[in-house]
Amino acid sequence: MKRRKFIKNTAVASTAMVLPPFIDTERVPYFGNGVHNGWADQDSVAIWTRLTKNPELNAQGVPFIELTKEQQKSFADLSDVSILEKSQIPSNLRLEDMEGACPGTTGQVQLSYYPENDPADRHTLEWADVDASKNYTRQWKLTGLLPDTRYILELKSRKTKGAKGQNSIRGAFLTPPEATRPKDVSFAVVSCHDFNRRDHEDGHRIYPAMKRDNLDFLVHTGDIEYYDKRNPYAFTERLMRFKWDRIFALPYQRDFYSNTTCYFMKDDHDTLKDDAYPGTRYGAVSFDRGIEIFDKEQFPSNPKTYKTVRWGKDLQIWLLEGRNYRSKNTDPDGPDKHILGKEQREWLFKTIDSSDATFKVLISASPIIGPDRPKGKNDNHSNKAYQYEGDIIREFVNRHDNIYMCNGDRHWQYVSHIKDSNLWEFCSGAGSDSHAGGWNQDNVRPEHRFLRVKGGYLTVDVMHTDSKPQLVFKHRDVDGKVVHEEAFAS
Ligand SMILES: [Fe+2]
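Residues numbered from 1 in each chain as written. Predicted model: local features only at pLDDT ≥ 70, side-chain atom pairs only at ≥ 80, totals over all residues. Heavy atoms only, no water.

On to the pairing of strand β1 (residues 35-38). Of the two faces of β1, the one holding Val35 and Asn37 and the one holding His36 and Gly38 are both buried throughout. As paired strands, β1 and strand β2 (residues 45-50) are joined by four bridges and run antiparallel to one another. Paired with His36 across the strands is Trp48, a residue of β2. Connecting β1 to the antiparallel partner β2 that follows it, the hairpin turn spans six residues, and Trp39 within it adopts a positive phi of roughly 65°. (Buried < 20%, exposed > 50% of the residue type's maximum accessible area, 1.4 Å probe, protein only. Helix = DSSP H or I, 4+ residues; strand = E, 2+ residues; numbered from the N terminus. Pairing = 2+ DSSP bridges.)

Reported here for the largest pocket is a volume of approximately 610 Å³. If you trace the largest pocket, you find 28 residues lining it, with Asp228, Lys229, His269, Lys273 and Asp274 closest to the centre. Those elements giving two or more residues to the lining of the largest pocket turn out to be α1 (69-76) and α6 (268-271). Among the elements that line the lining of the largest pocket, the one with the most residues is α1, at four residues. Partitioned by chemical class, the residues of the lining of the largest pocket number seven nonpolar, seven polar and 14 charged. (1 Å grid on protein atoms, 1.4 Å probe; cavity = no way out; pocket = protein on both sides within 12 Å on 5 of 7 lines; lining within 4 Å. Points joined across faces, edges and corners; volume = space filled by probe spheres on them. Nonpolar A, V, L, I, M, F, W, Y, C, P; charged D, E, K, R; others polar.)

Counting through the fold element by element, Thr175 comes out in the loop between β8 (167-174) and β9 (185-190). With a relative accessible area of 0%, Thr175 lands in the buried category. Engagement of the side chain of Thr175 in a polar contact is seen with the backbone oxygen of Leu146, the distance being 2.6 Å. Engagement of the side chain of Thr175 in a polar contact is seen with the backbone nitrogen of Thr149, the distance being 2.9 Å. Excluding residues that lie within four positions of it along the chain, Thr175 makes contacts with Asp41, Gln42, Leu145, Leu146, Pro147, Asp148, Thr149, Tyr151 and Trp311. (Polar contact = N/O pair within 3.5 Å; in protein donor to acceptor, adjacent residues only side chain to side chain. Contact = heavy atoms within 4.5 Å.)

The next thing to look at is the side chain of Thr49. Within the element layout of this structure, Thr49 appears in strand β2. Those residues within four positions of Thr49 in sequence are excluded, and the remaining contacts are Phe31, Gly34, Val35, Val109, Tyr136, Thr137, Arg138, Trp140 and Leu155.

One open sheet holds the six strands; their spatial order is β11-β10-β9-β21-β22-β23, and the pairing between them is mixed. A single partner strand is all that each edge strand has here, and the edge strands are β11 (261-264) and β23 (482-489). Across the sheet, the axes of successive neighbouring strands diverge by a mean angle of 20°, strand direction being ignored. (Axes fitted to C-alpha atoms, helices over the stretch in contact; angles between N-to-C directions.)

Counting 50 residues, the largest nonpolar core has Met210, Leu218, Phe235, Trp244, Phe248 and Tyr257 as its most contacted members. Secondary-structure elements contributing two or more residues to this core are α1, β9, α3 (206-212), α4 (237-247), α5 (251-258), β11 and α7 (287-298). Considering every element that reaches this core, the biggest residue donor is α4, with five residues. Setting aside anything within four residues of it in sequence, one finds Leu218 in contact with Ala188, Val190, Met210, Phe256, Tyr257, Thr260, Thr261, Cys262 and Tyr263. The next biggest cluster of nonpolar side chains, apart from the first, holds 45 residues, and it includes Leu142, Ile317, Tyr404 and Phe473. (Core = buried A, V, L, I, M, F, W, Y, C linked by side-chain atoms within 4.5 Å.)

Right, let's get into the sheet that holds strand β15 (residues 315-319). Spatially, β14-β15-β16-β17-β19-β18-β20 is the arrangement adopted by the seven strands of the open sheet, whose pairing is mixed. Strands at the two margins of the open sheet, each flanked by one partner only, are β14 (307-310) and β20 (448-452). With strand direction ignored, the average angle separating the axes of adjacent strands in the sheet is 15°. As paired strands, strand β18 (residues 413-417) and strand β19 (residues 424-427) are joined by four bridges and run antiparallel to one another. The partner of Tyr414 across the bridge, within β19, is Cys427. With respect to the sheet, helix α8 (residues 342-353) is in contact with β14, β15, β16 (359-364) and β17 (403-407), its orientation differing from that of β15 by roughly 180°.

In this fold, Arg122 is placed in the loop between β3 (108-115) and β4 (123-124). With a relative accessible area of 38%, Arg122 lands in the partly exposed category. Residues Arg122 and Ile89, 33 residues apart in the sequence, show an inter-C-alpha distance of 46 Å. Excluding residues within four positions of it along the chain, Arg122 makes contact with Ser112, Tyr113, Tyr114 and Glu154. Polar side-chain contacts of Arg122 include one of 2.8 Å to the side chain of Glu154.

Once that is clear, we can look at the UniProt feature "domain: PhoD-like phosphatase metallophosphatase" (unreviewed entry) in the protein. UniProt tags residues 302-441 as "domain: PhoD-like phosphatase metallophosphatase" (unreviewed entry). Along residues 302-441 the backbone is 17% helical and 21% strand, and the end-to-end C-alpha distance reaches 39 Å. (UniProt positions renumbered as here; feature names shortened; annotations may be inferred.)

Turning our attention to the coordination of the iron ion. The protein atoms that coordinate the iron ion are Cys192 (SG), Asp223 (OD), Tyr226 (OH) and His411 (NE2), at distances of 2.0 to 2.5 Å. Its four donor atoms give the iron ion angles of 85 to 167° at the centre, a pattern that matches the irregular case. Considered as a linear motif, the donors of the iron ion on their single chain read C-x30-D-x2-Y-x184-H. With respect to burial, Asp223 and Tyr226 carry one shared label: buried. (Donors = N, O, S within 2.8 Å, 3.2 Å for Na, K, Ca; no water. Tetrahedral: all angles 85-135°; square planar, octahedral: opposite > 155°, others 65-115°.)

Attention now moves to α4. Most of α4 is tucked away, with nine of its 11 residues classed as buried. What α4 keeps buried is the set Leu239, Met240, Arg241, Phe242, Lys243, Trp244, Asp245, Arg246 and Ile247. The inward-facing, buried residues of α4 contact β2, α2 (81-86), α5, α6, β13 (285-286) and α7.

Dropping the structure here:
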């Protein structure tokens, strides 16, 4: 067996040569990012994985070179990839020598899946190459699944056909129950994380906390990483991928996402940059490429990036797309300016009108009610810049009963309710305390039922007492402790 001697890399920029961490060459390739799922409904799901050169991220890697504010600004307007990458990586080092690197590699993957309670109903798919042009990822769409069933995933990897060494991992997901089935359901809503602001070496503390909550599913409302924040500023596609490879190699994240049904939404920072809209660029990357990298490469794909899913008799959720169809933020507000766009808005209103679910929960990346900071924000439905479409949505929602809105984006937790209306909005807040901010704790507005400028997440439970359904929203701190609760009967 060929073994490369492990050398602890405590290098700084001046170190002559840095070796990657220990590699057992007989067992490559690895699943350093685990397995992700997305878009689950009663009979289908999208599965995603990636092959990596090493089993773990490079914990001994070197931090990227810091840039001054002026440098960040001027580099964001450049498009020369080599200048942009050299500006943050010491000249004697490679990208895989940097802090948290988890480089990909070529190879083949085989996926098997079966219901946890019926292992004999096992499906094994053909070995398939990962796509080197898509960051060494591979996706499958599984169909013909059973509702309300926990499936086990088993993945094997090999370098080439006939290769001796193999690796394997397991994962799991749950399909939703049918629309006729009254069932207790529990899910979480999270937003706004990044590698640099994690609150534990192994990832964000909210992940082990949410594991203890025993959720049916998770909705990530976006800002899953921040391209336009330091260490490194992701001015190129390679640096963007580096950030995904790193955050999903964190043990807390990898374990949670491999084993939980998840719906991934995107927002501005994980599409391109702060308040990104069509036509904008960040360094060498266009807005359109940013969308492709998220929708088609780094996350489980679906033909449309908005969807409604029934989770039993009493719950229907709507996942809204907030970037792909938006106008330019700088356009004058009016009938032609929108975030959802005409097609998505018509679909939303039609599907809400025809729903017979007891409780309806709309999940949007960014706020529809707010309040948001009045100064400098022109990016969401609660801002003046999108008031026209915001008013149409708020007016429509207000005509319905038992409908609630959830969102991320804002880095503080809140519950807003407009007095004498059906308008309720629950914001998850950011995923760690160091990521929270942007609002003053003392600035409590009339619509605030709850306000907390700290990190954490939101859980939503459908519960049945004496066959009567109840919907309960709980804001939690980063360790899962409940800090606020609102309960609704139908
Ligand atoms: Fe954010």
